[in-house]
Amino acid sequence: MHRAHTAFSLALSPMAHRNFATWLLKSGTSQKLAKATAAAAVRTYNSAAAEPFANGSTATYVEEMYNSWLRDPASVHTSWDAYFRSNTYTSPPNLAPVQANTLPLTAFNLGGGGVAGAAPDSKTIDDHLAVQAIIRSYQIRGHNIAHLDPLEINSPELPGNSSTKSIYANFSFEPSEQDMERQFKLPSTTFIGGDEASLPLKEILNRLENVYCNKIGVEFMFINSLEQCNWIRKHFETPGVLNFSPEEKRLILARLTRATGFEAFLAKKYSSEKRFGLEGCEIMIPALKEIIDVSTELGVESVIMGMPHRGRLNTLANVCRKPLNQIFTQFAGLEAADDGSGDVKYHLGTYIERLNRVTNKNIRLAVVANPSHLEAVDPVVQGKTRAEQFYRGDQEGKKVMSILIHGDAAFCGQGVVYETMHLSDLPDYTTHGTIHVVANNQIGFTTDPRFSRSSPYCTDVARVVNAPIFHVNADDPEAVMHVCKVAAEWRATFHKDCVIDLVGYRRNGHNEIDEPMFTQPLMYQKIRKHKNCLDLYADKLIAEGTVTGEEVKSVAAKYENICEEAFALAKTETHVKYKDWLDSPWSGFFEGKDPLKVAPTGVKEETLIHIGNRFSMPPPNAAEFVIHKGLMRVLAARKNMVDEKIADWALGEAMAFGSLLKEGIHVRLSGQDVERGTFSHRHHVLHHQLVDKATYNSLQHMYPDQAPYSVSNSSLSEYAVLGFEHGYSMTNPNALVLWEAQFGDFSNTAQSIIDQFISSGQSKWVRQSGLVMLLPHGMEGMGPEHSSCRVERFLQMSSDDPDYFPPESDEFAVRQLHDINWIVANCTTPANLYHILRRQIALPFRKPLILCTPKSLLRHPEAKSPFSEMSEGSEFQRIIPDNGPAGQNPASVKKVVFCSGRVYYDLTKTRAEKQLESDVAILRVEQISPFPFDLVKEQANLYKNAELVWAQEEHKNQGSWTYVQPRFLTALNHSRDVSQSDDPMSYSNTTTNTTTTTTDHTNIESASEPESKPWLSRMFASNKSDGSTDGGPATGDFNAAKHFDLKNVRHDFNRPAGNAAAPGARISKTGRKISYTGRAASASTATGSKAQHIRELNALLNDAIST
Ligand SMILES: Cc1ncc(C[n+]2csc(CCOP(=O)(O)OP(=O)(O)O)c2C)c(N)n1
Ligand SMILES: [Mg+2]
């Protein structure tokens, strides 16, 4: 269809002119057409000007030419020959299907002197073609001259005035009375006739103007589907579609009253508070409600919304019906009753389940919490929607849908909108149609559209996915409701995106405290004189007799009373609760769980063997499935490993996935080229070499009752896809959701998702996520990029305190995991990879996992693990100790090299070459964050006499060094019983001292506490809500209940702010220190050349492995 479309465009000019000429010249309508086109160009940036202007007969013409070309290429012009040769043309489907109400042309005596029943003469045909062209012109370009702007600033600047009638006058179209009265047969591509097959020209023009040039502008003719175009035409052109019953009108008025009343109430009560009010676009509230009503009626049970600041509180109040008192409490500046840093009120999410009073059906509404970063939430909403559809078995999106609300400036300015749009039709990412609503107030902060976009509309981005765009004047509530109804029906019919562009204005400044006249004086002069939408609509309904003035007042007063009552109730609140604002509650997940109990991650060996065997097999019972020879070798090698009970990286990962699937945990892996794996190591999807789309994915066939496994190559986007997977992970804690970057450094194009959602989501929105980010990382001489996943950045955002050694206990590791914002690890063995992935699910809570993954280790002969390291009794090793000669005789070890990741294998090789296995111990820090203080201390104590070194291949200002250095010192300080320290500094109560050498424990003490009290017991003294302490459990005896009282966690475990010692000023009281071995600091993430890389690596290895 698309190619055919192009062909019509090419055919356009000669055809149009040839066929229309006679009638046009005679009747003067050529001028009308020309003017219609000119008017279309009036909107300055008219991308639609390039749109096709062809019809069914043009198609026939092209097709005839195509057939002729097929018979003899020389029979057509060389340009057509070239075009058809380019293979872009396919014969079009019938563009003019017979419509029920159409009659053959011969049935018309068209007043041109023809004889009824006789074949029409060429003039008659030309006349009809011209009318068709006019109709089509309206359908394509009508939106350009529609009256969309309530302020009429951006209305077409036609000479004279701009009413639709006069637009015609200004075309210099002067058809004779007779022409205007002539009946014209309506083509099958219009529905303006209703049941009538023909209409007088005058009526045709009137109806078209009403449909396409009034308060609605429909942009749809670029859609490459005749069925969809006809559907839209029908829904806008059919006579009477804009007729509303008195009940419907009263409902619109009531909703508009609430939307307007809410903002007015806030303005009255909190005049100096920012709320990003909706004034000027209040119709958005009834609009959203209409979309939800119609969608619910059509079967939707759950709606997930993403939206920016503008009108958010109003949406929560009047669309979600979040209790008003909870909303008002947010203005009171109250302390939170629960943990977390919280967020401003116009970012918070919510989740509500309620009865839809209009449809009498239950509906679940969620507004996803979002950061300031405009549009960043879009993919997150899509991922959450997709996940909810998946878990409900809603494969066509009939029950769960998403609505994304946008600001006009952000919608066209933010690239993530485009990236998200491109997920809309991908098999593993589609949410089966999103309704986008643009609260288009024709301004972004202080910048108006002339300076904020290069496209005619702020919605043009949607054209790339063939989404119809419904522009509508936000001052016409009935037009808006109609558009919303059509949008909801469109989504339910075609399951594709569509856009509603609510063209309104912003009555106040960007926020209520801003002065808009500084920057938009003329616009705001107009706005000040402009009546608000509610008043305009109320006047209209009063004038037509639908309501009385008293009724209007009483509806408004009733809502104000409701607000007043809620306001009074809000005043009685003493705390806000972040949990009231949770968008994705995991009911049942936390209840009844031991918050410190981690399920075992090892599994029975027979399970590993079963998974391994399945993973090494081509499809069973499919002898004809032809697999690539190279892959047959891969499968055979896998089978050998299984027989020898060892696993490489791919097998370790498959063991983790397979065993989780067996346990009913859904696994989803997504990212660029993940099915094969960027480094061709994974091969989860085997392709039949002879049959397109015939594939086999063994992980989907491990066990008959397993959970579903999904692995999907994504679009080439990091921002949208990572956001999507984050959203997916929010929905169900019992799923392992992984996103893999092609190379780790590409994750920086998704930085807002990392910073704003993954790192800080729990803290801001009490929302947990167990998302795994797999980030290929390692300096392997591949050039400045492709080397580093910038692990230092993730570490810098880790929330554990470098100067604080948490209390030691059996639950040290899980407590640390509980308290931190995310986990950062760099595993060196398949077994550890396997365990850390399984641990994501074994934990009684969820934390994101940032996992540096290897490249060369994928095939490294030593980077293999025996099954015994994955079977029952085995577990994730936060630090892998030295199990060689050095570890066996630690007293004689001269040097301990701590490292993380791939460089370990280089270090061991160099150590072997230098025959220093007994002198140098090499320890791998596999979990970098939270930092394994306890194990570092233990290992350092083991190698009492050794020099301690941190070796890393990344440059000094990168990698883990800056993160581990202070933590090493904290850990080393505890290698003696610090309570016996005679260092006066160590017990100084100078809690505000930030420059002198302080040790961690000094800073957690309050000045009122006796210095003699051992710090650990003081740590565990129960902390009453009034701040006083009493004698708590003994050292190390953790009061779990108290610990998990979120309020207390903050008091107990976060050091007071501002007390950290200055980096570099720390001196280990134990006399031990850790030094750095590796590259110097650098601006780049890697070395310039392979040669330089090798030279530097050798230097670092020699330096590290020397005694
Ligand atoms: C990514 C990003 N860049 C900049 C901002 C700062 N900012 C906040 S609102 C705003 C204007 C938004 O305009 P628009 O999208 O039209 O929404 P409106 O406020 O007009 O409803 C800007 C630039 C932001 N929040 N996010
Ligand atoms: Mg705006």
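Fair warning: this is a prediction, and the values are worked out from it, not measured in the lab. (Residues numbered from 1 in each chain as written. Chains lettered and ligands numbered in written order. Predicted model: local features only at pLDDT ≥ 70, side-chain atom pairs only at ≥ 80, totals over all residues. Heavy atoms only, no water.)

A. Representation of the packing of helix α14 (residues 377-391) against helix α24 (residues 719-731) in the model. Running from N to C, α14 and α24 point in directions that differ by 45 degrees, and their axes come no closer than 6 Å. Between α14 and α24, the angle is such that the two are oblique. Helix-helix and strand crossings are classified by hand; for α14 and α24 the assignment is right-handed. Across the interface between the two elements, Pro379, Val380, Gln382, Gly383, Lys384, Arg386, Ala387, Glu388, Phe390 and Tyr391 from α14 touch Tyr719, Ala720, Gly723, Phe724, His726, Gly727, Tyr728, Met730 and Thr731 from α24. (Axes fitted to C-alpha atoms, helices over the stretch in contact; angles between N-to-C directions. Helix = DSSP H or I, 4+ residues; strand = E, 2+ residues; numbered from the N terminus. Parallel < 35°, antiparallel > 145°, perpendicular 65-115°, else oblique. Left-handed = near helix turned anticlockwise from the far one by under 90°. Contact = heavy atoms within 4.5 Å.)

B. Broad picture of the coordination of the magnesium ion (ligand 2). Binding of the magnesium ion (ligand 2) to the protein goes through Asp408 (OD), Asn441 (OD1) and Ile443 (O), at separations of 2.0 Å. In the primary sequence, the donor residues of the magnesium ion (ligand 2) line up as D-x32-N-x1-I. Of this pair, Asp408 sits in helix α15 (residues 408-413) while Ile443 sits in the loop between β8 (434-440) and β9 (469-473), and the two are 35 residues apart along the sequence. Using a relative accessible area of 4% as the deciding quantity, one classes Ile443 as buried. (Donors = N, O, S within 2.8 Å, 3.2 Å for Na, K, Ca; no water. Buried < 20%, exposed > 50% of the residue type's maximum accessible area, 1.4 Å probe, protein only.)

C. Quick look at the site of ligand 1. Around ligand 1, the surrounding shell holds 15 residues, and the nearest of these are His309, Arg310, Ser372, Asp408 and Ala410. One of the side-chain nitrogen or oxygen atoms of Arg310 is found 2.8 Å away from an oxygen atom of ligand 1. In the complex, the protein chains occlude 74% of the 580 Å² of accessible area that ligand 1 would expose alone. Considering every element that reaches the shell around ligand 1, the biggest residue donor is α15, with three residues. (Near = heavy atom within 4 Å. Polar contact = N/O pair within 3.5 Å; in protein donor to acceptor, adjacent residues only side chain to side chain. Areas by Shrake-Rupley, 256 points an atom, 1.4 Å probe, with all protein chains shown as cover.)

D. Structural context of the packing of aromatic side chains. Per the stated rule, a full pass over the model turns up 33 aromatic pairs. Taken together, a centroid distance of 6.4 Å and an interplanar angle of 10 degrees make the contact between Tyr212 and Phe220 stacked. Exposure class is identical for Tyr212 and Phe220. Each is buried. Ring plane angle 70 degrees and centroid distance 5.3 Å describe the contact between Phe931 and Phe968, whose orientation is recorded as edge-to-face. Here Phe931 is found in the loop between β24 (927-929) and α32 (933-942), whereas its partner Phe968 is found in helix α33 (residues 961-973), with 37 residues between them in sequence. Take Phe931 and Phe968: they sit in the same class, and that class is buried. Feature note: the residues Phe805, Phe812, Phe898, Phe931, Phe933, Trp950, Tyr963 and Phe968 constitute an aromatic cluster, connected by ring pairs. The cationic tip of Arg967 hangs over the ring face of Tyr963; the distance from NZ or CZ to the ring centre is 3.6 Å. (Phe/Tyr/Trp six-rings, centres within 6.5 Å; stacked < 30°, edge-to-face > 60°. Lys NZ or Arg CZ within 6 Å of the ring centre and 35° of its normal.)

E. Geometry of unusual backbone geometry. With an omega of 0 degrees, the peptide bond running from Ser929 to Pro930 counts as cis. Along the chain, the position of Pro930 falls in the loop between β24 and α32. Phi is positive for Phe276, close to 50 degrees, though the residue is something other than glycine. By the secondary structure assignment, Phe276 is in the loop between α10 (246-269) and α11 (284-297). Residue Phe276 is classed as buried on the basis of its relative accessible area of 7%. Positive phi, normally seen in glycine, also occurs at Asn466, with a value near 60 degrees.

F. Up close: the pairing of strand β23 (residues 920-925). Where burial is concerned, most of β23 is hidden: six out of the six residues are buried. A two-sided burial pattern is seen for β23, the buried positions comprising Val920, Ile922 and Arg924 on one face and Ala921, Leu923 and Val925 on the other. Sheet analysis places strand β21 (residues 879-880) next to β23, joined by two bridges and oriented antiparallel. When the sheet's bridge partners are listed, Ile879 is paired in β23 with Val925. Relative to β23, strand β22 (residues 895-899) runs parallel, the two being bridged by five bridges. Its bridge partner being in β23, Val897 is matched across the sheet by Ile922. (Pairing = 2+ DSSP bridges.)

G. Structural context of the pairing of strand β6 (residues 361-367). In this structure, strand β4 (residues 302-306) lies alongside β6, joined through four bridges in parallel fashion. Across the sheet, residue Met305 finds its bridge partner in β6, namely Val367. Hairpin connection, strand β5 (residues 350-356) to β6: the antiparallel pair is bridged by four residues, and Asn360 has positive phi, about 60 degrees.

H. The arrangement of the packing of α11 against helix α17 (residues 477-494) in detail. One can describe the packing of α11 onto α17 by two numbers: an axis separation of 8 Å at closest approach and a directional angle of 35 degrees. Here the hand of the crossing between α11 and α17 comes out right-handed. Together, Pro286, Ala287, Glu290, Ile291, Val294 and Ser295 of α11 and Val480, Met481, Cys484, Lys485, Ala488 and Glu489 of α17 make up the contact between the two elements. Within the contact of α11 with α17, the residues separate by chemical class into eight nonpolar, one polar and three charged. (Nonpolar A, V, L, I, M, F, W, Y, C, P; charged D, E, K, R; others polar.)

I. Main features of the sheet that holds β23. Strand order in the open sheet formed by five strands is β21-β23-β22-β25-β26, with mixed pairing between adjacent strands. Each edge of the open sheet carries a strand with a single partner, namely β21 and β26 (1074-1079). Both strand β25 (residues 947-955) and β26 contribute to a ladder of six bridges, which runs parallel. Across the sheet, the residue bridging to His955 is Arg1079, located in β26.

J. Representation of the side chain of Asn532 within the structure. For Asn532, the position within the fold is in the loop between α18 (521-529) and α19 (533-544). By relative accessible area, which is 17% here, Asn532 ends up buried. At 3.1 Å, the side chain of Asn532 and the backbone nitrogen of Leu534 are in polar contact. When neighbours within four sequence positions are excluded, Asn532 is seen to be in contact with Thr260, Tyr505 and Arg507.

K. Geometry of the environment of Ala556. Checked against the element boundaries, Ala556 lands in helix α20 (residues 549-571). The spatial distance from the C-alpha of Ala556 to the C-alpha of Ala254 is 8.1 Å, given a sequence separation of 302 residues.

L. Local environment of a nonpolar patch on the surface. A cluster of nonpolar side chains, contributed by Val626, Leu690 and Val691, occupies part of the molecular surface with about 260 Å² of accessible area. With respect to the helices and strands, Val626 occurs in the loop between α21 (605-615) and α22 (629-644). On the basis of relative accessibility, which here comes to 31%, the residue Val626 falls in the partly exposed class. (Patch = residues over 30% accessible without salt bridge, like charges linked within 9 Å, V, L, I, M, F, W, Y side chains within 5 Å. Salt bridge = Lys/Arg side-chain N within 4 Å of Asp/Glu carboxyl O.)

M. Fine view of the nonpolar core. Counting 181 residues, the largest nonpolar core has Phe328, Ile403, Val437, Phe470, Ile500, Leu502 and Met773 as the members making the most contacts within it. Per-element tally for this core: the top contributor is α17, with 10 residues. Apart from residues no more than four positions distant in its own chain, Val437 is found in contact with Met284, Leu288, Ile291, Ile403, Leu404, Ile405, His406, Ile500 and Leu502. In this structure, Phe657, Leu669, Leu699 and Leu849 belong to the second largest nonpolar core, which totals 52 residues. (Core = buried A, V, L, I, M, F, W, Y, C linked by side-chain atoms within 4.5 Å.)

N. View of α19. In a regular helix each residue adds 1.5 Å, so 12 residues correspond to 16 Å; α19 covers 17 Å between its end C-alpha atoms and thus fits that length. Of all the positions in α19, only Cys533, Leu534, Tyr537, Ala538 and Leu541 are classed as buried. Buried residues in α19, looked at end-on, bunch into an arc of 125 degrees, giving them a common side. Buried residues along α19 sit in contact with α10, α17 and α20. Of the residues that open α19, the one with a side-chain oxygen 3.1 Å from the backbone nitrogen of Leu534 is Asn532. Backbone geometry just after α19 places Gly545 at a positive phi near 85 degrees. (Expected span 1.5 Å × (residues − 1). Arc of directions from axis to C-beta.)

O. Representation of the environment of Glu478 within the structure. With respect to the helices and strands, the residue Glu478 is situated in helix α17. Assessed through its relative accessible area of 9%, Glu478 is described here as buried. As a C-alpha pair, Glu478 and Leu253 span 225 residues in sequence and 9.9 Å in three-dimensional space. If we skip the residues at most four places from it in the chain, Glu478 touches Leu242, Phe244, Lys249, Ile252, Tyr537, Lys540 and Leu541.

P. Region of the structure containing the pattern of salt bridges. The final tally for this structure, using the stated rule, is 44 salt bridges. Taking the shortest distance from any N to any O, the salt bridge between Glu279 and Arg275 comes out at 3.0 Å. A network of salt bridges, in which partner residues are shared, links Lys249, Glu478, Lys540 and Glu544.

Q. How the structure looks around the sheet that holds strand β18 (residues 823-826). Pairing is mixed across the open sheet formed by seven strands, whose spatial order is β15-β12-β16-β17-β19-β18-β24. Two strands lie at the open edges of the sheet, namely β15 (709-713) and β24, each paired on one side alone. Between one strand axis and the next, the sheet turns by 20 degrees as a mean value, whatever way the strands run. The pairing of strand β17 (residues 772-776) with strand β19 (residues 849-853) spans five bridges and is parallel. Note on β19: the bridge partner recorded for Leu774 is Leu851.

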